Amino acid sequence: MYAHRPIAEALVAAGKHVLCEKPLAGSLEDARAMAELERSSDVVTAVGYTFRRSPGIAAIRDHVQRGELGDLTLFSGRYWCDYATDPKGPLSWRFKGGAGSGALGDVGSHVIDAAEYVAGAITSVSGATLSTQIPKRPLPLGAVVGHNAAPVSDEFGEVENEDTASFTARFESGLIATFSVTRTGFGLPNGLAFDVLGVGGRAAFDQHRPAEYLFDDAQPDARTRGARQIIAGPQLPYFAGGVPMEAPGVGASNADNFTYQARAFLDQVAGVAEPLPACATFAEGLRTMEIIRAIVESSQAHGAAVTVPPAV
């Protein structure tokens, strides 16, 4: 991620379109420069928030925007993963960098973006706590690819960022939220999930079950009330033209979401008449990094409330 800015600047200078992985950059300074680059360039630039491609998440967003949950009362988001539970896992680049570059930057950025995508802008965070469960890891003997295991030496190095974080947030609408993220959650391969509650309904999504979401509202007959399993199909937004098989019950895995994102980015580049929904922008990537910075500041101030800069 520390190479994102120079690569993006070189590509834009050459007139190339850029789809950048998240986090947008290795520092806020670089991220702000990339957002300014986006504002001043004529090419298409985007950042990879793949979960925006999930039909279930998009459907819940539509419920919220149509007022079908009533005034929102609580958002509870989490991203629980297990890729760092093994203390013998190599000390890769994922465990380097300061506070906020660990579980928060890796998986927390996704659930923060999903929360704003569904429920609007976050204005402040508070009560933040960061912790590291495995403070030292063995040094790898060679290159480490992704989250994969690799041969390691007998020498150990310090983990420099957080394994786990939790915080609360307040949205522009007045909605309050709770968040928790971890990379040391045993048995949870890819656990992005959230619940959004309102005075007139509720909805929930879990990436471990991507072909569905739960929805509950005030049915006319009390006998039929309760959470209902909505199977993802062509009736949901972001489904047609996005998932590999346009049939009910076909979920959207991470790989599917990456493919969908690439197709949407190419639609933007080609300027097709009816494009798929646009990818997140560099400005939105910067936005998430500013929220993460506020979370870190809250943790350093023993949980004090920290204001998030307004969305541009």
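Anything mentioned here points back to the structure above.
A quick note: this is a predicted structure, and the numbers were derived from the prediction, not measured.

Peer 1: Mind laying out the packing of aromatic side chains, listing which residues take part and the relevant values?
Peer 2: Applying the stated criterion across every chain, the model contains six aromatic pairs. Their ring planes at 80° and their centres at 5.8 Å tell us that Phe51 and Tyr79 sit as a pair that is edge-to-face. Within this pair, whereas Phe51 is found in the loop between strand S2 (45-47) and helix H3 (55-65), its partner Tyr79 is found in strand S3 (residues 72-80), the two being separated by 28 residues in sequence. One exposure class covers both Phe51 and Tyr79, and it is buried. Plain terms: the ring middles of Phe167 and Phe179 are 4.7 Å apart, the flat faces sit at 10° to each other, and that makes the pair stacked. Within this pair, whereas Phe167 is found in strand S7 (residues 164-171), its partner Phe179 is found in strand S8 (residues 176-182), the two being separated by twelve residues in sequence.

Peer 1: Account for the side chain of Thr288, with residues named and values stated.
Peer 2: Note on placement: Thr288 falls in helix H6 (residues 282-300). In this structure Thr288 comes out as buried when scored by relative accessible area, which is 3%. A distance of 3.0 Å separates polar atoms of two side chains, one belonging to Thr288 and the other to Tyr49. Apart from the residues lying within four places of it in its own chain, the contact partners of Thr288 are Tyr49, Ser109, Ile112 and Asp113.

Peer 1: Any chance you could break down the pairing of strand S11 (residues 212-217) for me, citing the residues and the numbers?
Peer 2: Pairing of strand S10 (residues 201-206) with S11 involves four bridges; the strand directions are antiparallel. Bridging across to S11, Ala204 finds its partner in Leu214. Counting the residues that bridge the hairpin from S10 to S11 gives five residues. As paired strands, S11 and strand S12 (residues 228-231) are joined by four bridges and run antiparallel to one another. If you follow Tyr213 over to S12, its bridge partner there is Ile230.

Peer 1: Please provide a residue-by-residue account of the environment of Ala35, values included.
Peer 2: Checked against the element boundaries, Ala35 lands in helix H2 (residues 28-40). It is 27 Å that separates the C-alpha atoms of Ala35 and Leu192, two residues lying 157 residues apart in sequence. Ignoring anything within four residues of it in the chain, the contact list for Ala35 reads Phe282, Ala283 and Leu286.

Peer 1: Any details on H6? Residues and values, ideally.
Peer 2: The end-to-end C-alpha distance of H6 is 27 Å, a good match for the 27 Å that 19 residues give at a rise of 1.5 Å each. Phi turns positive one or two residues past the end of H6, at His302, with a value near 60°.

Peer 1: Provide a residue-level description of the sheet that holds strand S4 (residues 122-131), including the pertinent values.
Peer 2: Either a parallel or an antiparallel arrangement is found when strands of a sheet pair, and the pairing is made through backbone hydrogen bonds. With mixed pairing, nine strands are arranged side by side in an open sheet as S12-S11-S10-S9-S3-S8-S7-S4-S13. Two strands lie at the open edges of the sheet, namely S12 and strand S13 (306-307), each paired on one side alone. By the bridge criterion, six bridges tie S3 to S8 in an arrangement that is parallel. When the bridges of S8 are listed, Tyr79 appears paired with Val181. Strands S3, S4, S7, S8 and strand S9 (191-198) of the sheet are contacted by helix H4 (residues 103-119), whose axis makes an angle of about 155° with S8. H6 contacts S4, S7 and S13 of the sheet and is inclined by roughly 55° relative to S4.

Criteria and cut-off values
- Counting restarts for each chain, with residues numbered from 1 along the sequence as it is written.
- Where totals are concerned, whole chains, interfaces and linings use all residues; where local detail is concerned, this predicted model gives features only for residues with pLDDT of at least 70, and gives and counts side-chain atom pairs only at 80 or more.
- Derived side-chain values reflect all non-hydrogen atoms in the structure, with water molecules and hydrogen atoms excluded from consideration.
- Working definition: rings of Phe, Tyr and Trp (its six-membered ring) pair if their centres are within 6.5 Å, and the pair is stacked with planes under 30 degrees apart, edge-to-face with planes over 60 apart, and tilted otherwise.
- Secondary structure is summarised from DSSP: a helix means a run of H or I of at least four residues, a strand means a run of E of at least two, and numbering begins at the N terminus for each.
- Only protein chains enter the accessibility calculation, which uses a 1.4 Å probe. A residue is then buried if its area is under 20% of the maximum for its type, exposed if over 50%, and partly exposed in between.
- Side-chain atoms alone can form a polar contact between residues adjacent in sequence; in general such a contact is a pair of N or O atoms within 3.5 Å, and within protein one must be able to donate a hydrogen while the other accepts it.
- Whether two residues touch is decided by their heavy atoms; if any such pair falls within 4.5 Å, the residues are in contact.
- Strands are labelled as partners when DSSP assigns at least two bridges between them.
- One less than the number of residues in a helix, times 1.5 Å, gives the span that helix is expected to have.
- Axis definition: a line fit to C-alpha positions, over the contact stretch in the case of helices; interaxial angles, taken between N-to-C directions, run 0 to 180 degrees.

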